[in-house]
Structure formats: structure tokens, C-alpha cells
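Secondary and tertiary structure notes
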Amino acid sequence: MNSSRKITTGNNDRPRDETIAQSGPGVPDDSGTPVEVDEVQVERAKASLQEDPERKLKRQVADTIKSTQRGAE
């Protein structure tokens, strides 16, 4: 039996010695379509990543306290 014989001929056809799911070293062979991102989402993500963790926690605690007080009324 020839060791270089292919297993399939379909969409997943690739040489046996290739890695799968871009798990190998080097530049990935990505032929997928680019992701479209809304600028508002980019700015929101950037702001959340740049926010001071202590300030963020204090804001979350304050929001939780306010929401529980509103629910108790």
C-alpha cells in the first residue's frame, strides 16, 4: 500500500503530513472571509479594556446596590 495515497477527495482533501485547524507552526493558511466590525463596537471594546479595574469593580458594585434597592421598593 502506498503511504502517500489520499484518504478523501472531498472538501477536506489535504496531504497526510499537513496539520489540521492551523495548529502547526508558521503563518496560517487562512482563506476565510475577513470579519466585519462596527466602529462603535471597536470603541466600546477599547474603552472596556482601558478602564481601570478598580474603578470598574466599584461601578459594578454601585450598579448592583442600586438595582437591589430599586427591587426592594
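Notes on the structure in this doc start here. (Residues numbered from 1 in each chain as written. Predicted model: local features only at pLDDT ≥ 70, side-chain atom pairs only at ≥ 80, totals over all residues. Heavy atoms only, no water.)

**What to know about the pattern of salt bridges**
The tally for this structure, following the rule as stated, stands at 3 salt bridges. A salt bridge links glutamate 43 to lysine 46; the shortest N-O distance between them is 3.9 Å. Highlighted residues: glutamate 43 and lysine 46, both in helix α1 (residues 39–50), separated by 3 residues, approximately one helical turn. The salt bridge involving lysine 58 is made with glutamate 54; its shortest N-O contact spans 3.5 Å. (Salt bridge = Lys/Arg side-chain N within 4 Å of Asp/Glu carboxyl O. Helix = DSSP H or I, 4+ residues; strand = E, 2+ residues; numbered from the N terminus.)

**A closer look at a nonpolar patch on the surface**
A contiguous nonpolar surface patch, about 260 Å² in accessible area, is contributed by Leu57, Val61 and Ile65. In this fold, valine 61 is placed in helix α2 (residues 53–72). (Patch = residues over 30% accessible without salt bridge, like charges linked within 9 Å, V, L, I, M, F, W, Y side chains within 5 Å. Areas by Shrake-Rupley, 256 points an atom, 1.4 Å probe, with all protein chains shown as cover.)

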